[in-house]
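Overview (structure and organization)
Listed here are the chains, written in short residue letters.
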Amino acid sequence: MAEHEHVRVAVIGSGFGGLGAAVRLRREGITDFVVLERADSVGGTWRDNSYPGCACDVPSHLYSFSFAPNPDWPRTFSGQEHIRAYLERVADVFGLRPHLRFDSEVKLMTWDAEQLRWEIETASGRLTADLVVSATGPLSDPKIPDIPGLDTFPGKVFHSARWDHDYDLKDKRVAMVGTGASAIQIVPAIQPRVGRLTLFQRTPPWVMPRMDRAISGAERWLHRQLPFTTQARRGLLWGIRELQVQAFTKHPGELGFVEQLAKRNMARAIKDPALRAKLTPDYRIGCKRILLSSEYYPALARPNVDVVASGLTEVRGSTLVAADGSETEADAIIFGTGFHVTDMPIAERVVGADGRTLAEVWKGGMEALRGASAAGFPNWMTIIGPNTGLGNSSMILMIESQLNYLADFIRQLDVLGGRVALDARPSAVGAWNRRVQERMKRTVWNTGGCTSWYLDGNGRNTTIWPGTTAEFRRATRRVDLMEYEVLRPPTAKAGGGTPQSGKRSAEAEAAL
């Protein structure tokens with residue numbers, strides 16, 4: 001990277017969000033951009049998560065870009081290796097390789113109010129950008145709980161997102177900590193190989209069968225020859241999930257029928273009443289993400305598996321102590337304990353117009369206008385920002401909606417002309433988030449009786465979108481300049497004097 005290189009747009013991250021932003025920039029005729037990636041390849045979470053059994057819980061044809069359909073998905077629910085290969089192809093097909101800057105972790109981003117641009121320090125050098133698109137994603141930085149004595153454990157310790165493929169689990173005593181989406185895939189994948197598997201479960205998940213199958217050669221041939229069949233398949237998958245949203249957001253009581261199906265699914269594999277009692281949640285289904293697996297419960301019923309219905313609270317050498325006082329000997333500990341979602345580390349590296357970091361501004365909870373723009377951070381947009389997550393559908397739909405918003409944001413800058421920046425008004429950010437939180441009150445995520453990673457430290461849901469993906473697409477179709485303050489470079493007073501801010505209101509600019 002050249003010293004003090006300047007680009008029009010800097011994109012942070014090369015997962016679905018970052019690559020999608022890069023494609024959209026090229027479609028808008030913008031080629032003066034870079035994609036800054038801390039690793040040595042693209043893929044984001046689908047590069048980092050390579051644990052045994054890793055796969056997507058959203059159907060393949062819906063978990064892909066609408067502008068880059070893949071007629072050759074091998075399974076209805078694709079594995080990690082297939083999704084990562086898909087993202088590599090996107091980078092190739094859309095000519096993104098020249099824009100990629102690998103091994104370029106962003107250390108600091110600082111807004112320069114004089115020059116109206118971002119100064120960016122990376123592991124590979126410095127650069128400046130007129131606009132920053134942060135696409136680091138909420139599932140990028142693993143979270144390992146602070147457990148007393150963990151540093152004294154003599155065996156192997158790693159997080160599911162940093163899997164140690166050099167460590168052989170064969171015949172080992174393995175402790176799996178956590179029962180989230182990763183854990184329910186890891187457990188059945190490693191159970192036949194390990195000597196003893198102990199699952200530390202603070203809260204049991206609701207698990208439904210995963211209706212996965214190989215996609216036949218005839219189906220793939222049809223999708224290649226008649227592309228509209230791929231679109232129709234995607235549309236059907238989307239429509240079914242849109243119809244489900246009302247139960248999650250307005251009528252959680254309707255989910256009781258789904259709970260009965262989940263209990264029957266458990267009963268088919270778990271015959272021991274005591275184990276069934278441990279695995280039965282006491283909260284409304286959907287409050288936490290509904291997990292999909294047809295192998296999880298059968299694995300837990302195997303004789304070499306123990307379920308400890310209590311969290312891990314202490315480590316004494318190779319002895320693991322649970323909250324209920326039970327003790328387990330282990331050779332390895334695998335943490336499936338999630339990520340820094342509501343306290344994203346990238347926020348500590350973004351310094352806004354008033355000298356505060358984004359983490360400081362978001363100390364009371366994440367907020368962003370239409371999930372994209374934070375007040376005090378001009379020409380900075382985030383993909384998969386606050387309250388853009390989904391509980392039942394594909395995040396690619398939300399990403400593409402935010403890319404529409406990004407494209408119109410850039411068009412508005414072009415229309416305004418010259419050196420210009422847009423800064424979300426605090427009043428607009430506040431109004432948007434009040435509406436979102438008001439809608440959130442009725443949802444299963446707030447009323448279902450659970451504590452989930454959707455909630456921040458203040459108990460506020462700053463993660464999930466409380467509506468349909470169609471609603472979000474309408475809300476992000478275009479930028480409303482009334483919601484932004486238009487910034488111009490400081491200008492000198494007539495006859496000399498000190499520079500002063502050349503800010504104009506959005507209303508004044510819109511009237512030009």
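Described in the following lines is the structure provided in the data block. (Residues numbered from 1 in each chain as written. Predicted model: local features only at pLDDT ≥ 70, side-chain atom pairs only at ≥ 80, totals over all residues. Heavy atoms only, no water.)

A short note on the packing of aromatic side chains
Put simply, the rule reads: Within 6.5 Å between ring centres, the rings of Phe, Tyr and Trp (the latter by its six-membered ring) count as paired, and their orientation is classed by plane angle as stacked under 30 degrees, edge-to-face over 60, tilted in between. In this scheme, Lys NZ or Arg CZ marks a charge over a ring once it lies within 6 Å of the ring centre and within 35 degrees of the ring normal.
All chains considered together, the criterion is met by 16 aromatic pairs. An aromatic cluster is built from F16, W46, Y63, F65, F67, W73, Y86 and F94, whose rings are joined through pairwise contacts. Geometry around Y167 places K172 over its ring, the cationic atom sitting 5.3 Å from the centre. Directly above the aromatic system of W465 lies the positively charged group of R439, at a separation of 5.6 Å from the ring centroid.

What about the packing of helix α5 (residues 217-225) against helix α6 (residues 227-249)?
Two measures define how a pair of helices packs: the angle their axes make with one another and the distance between the axes. Put simply, the test is: Only the stretch in contact is used when fitting a helix axis, every axis being a line fitted to C-alpha atoms; angles between N-to-C directions are given from 0 to 180 degrees. What counts as a helix is a DSSP run of H or I of at least four residues, what counts as a strand is a run of E of at least two, and both are numbered from the N terminus. An angle below 35 degrees is treated as roughly parallel, one above 145 as roughly antiparallel, one from 65 to 115 as roughly perpendicular, and anything else as oblique. By the convention used here, residues are in contact when the closest approach between their heavy atoms is within 4.5 Å. All residues other than Ala, Val, Leu, Ile, Met, Phe, Trp, Tyr, Cys, Pro, Asp, Glu, Lys and Arg, Gly among them, are scored as polar; the first ten of these are nonpolar and the last four charged.
Between α5 and α6, whose axes approach to 4 Å, the crossing angle comes to 110 degrees. Accordingly, the angle class assigned to the pair α5 and α6 is roughly perpendicular. Judged by residue contacts, E219, L222, H223, R224 and Q225 of α5 engage P227, T229, T230 and R233 from α6. Here the residues of the contact of α5 with α6 sort into 2 nonpolar, 4 polar and 3 charged.

Structural notes on the pairing of strand β1 (residues 5-12)
The test is simple: Note on classification: 1.4 Å probe, protein chains only; a residue is buried when its accessible area is under 20% of the maximum for its type, exposed when over 50%, partly exposed between these limits. Strand pairing follows a simple DSSP-based rule, namely that at least 2 bridges must link the two strands. By convention, orient the strands away from the viewer: a clockwise path from the first strand over the helix to the second makes the crossover right-handed.
Counting buried residues in β1 gives 6 out of 8 residues, a clear majority hidden from the surface. Where β1 lies against strand β6 (residues 125-134), 7 bridges are found, and the strand directions are parallel. Considered in β6, the bridge of A10 is made with V132. As defined by bridge partners, β1 adjoins strand β2 (residues 33-36) across 4 bridges and the pair is classed as parallel. In the strand pairing of β2, V9 is matched with F33. Considered for its hand, the β-α-β crossover made up of β1, helix α1 (residues 16-27) and β2 is right-handed.

Comments concerning the sheet that holds strand β14 (residues 319-322)
Sheet strands associate in pairs through backbone hydrogen bonding, adopting either a parallel or an antiparallel arrangement. With antiparallel pairing, 3 strands are arranged side by side in an open sheet as β13-β14-β15. In this open sheet, the two edge strands, each paired with only one partner strand, are β13 (312-316) and β15 (327-329). Taken pair by pair, the neighbouring strands of this sheet meet at an average axis angle of 25 degrees, ignoring direction. Where β13 and β14 come together, 4 bridges link them in antiparallel fashion. Considered in β14, the bridge of E314 is made with V321.

What about the state of the cysteines?
Quick note on the threshold: In what follows, a disulfide is any cysteine sulfur pair within 2.5 Å.
Scanning the entire structure with this criterion turns up 1 disulfide. Shown here is the disulfide that connects C287 with C450, its sulfur atoms set 2.0 Å apart. With the S-S bond torsion at -90 degrees, the cross-link from C287 to C450 turns out left-handed. You can see C287 sitting in the loop between α8 (273-279) and β11 (291-292) and its partner C450 sitting in the loop between α13 (444-447) and α14 (469-475), a full 163 residues away along the chain. Residues C287 and C450 agree in their burial class; the two are buried. We note that C54 lacks a disulfide partner, and the nearest cysteine sulfur, in C56, lies 8.9 Å from it. Looking at C54, the relative accessible area reads 8%, which means it is buried. Given a relative accessible area of 4%, C56 falls into the buried group.

Notes on unusual backbone geometry
Not every positive phi belongs to a glycine, and D103 is a case in point at roughly 55 degrees. The exposure class assigned to D103 is partly exposed, which follows from its relative accessible area of 46%. The backbone of D171 sits at a positive phi, close to 65 degrees, despite the residue not being glycine. Tracing the chain through its elements places D171 in the loop between β7 (156-159) and β8 (173-177).

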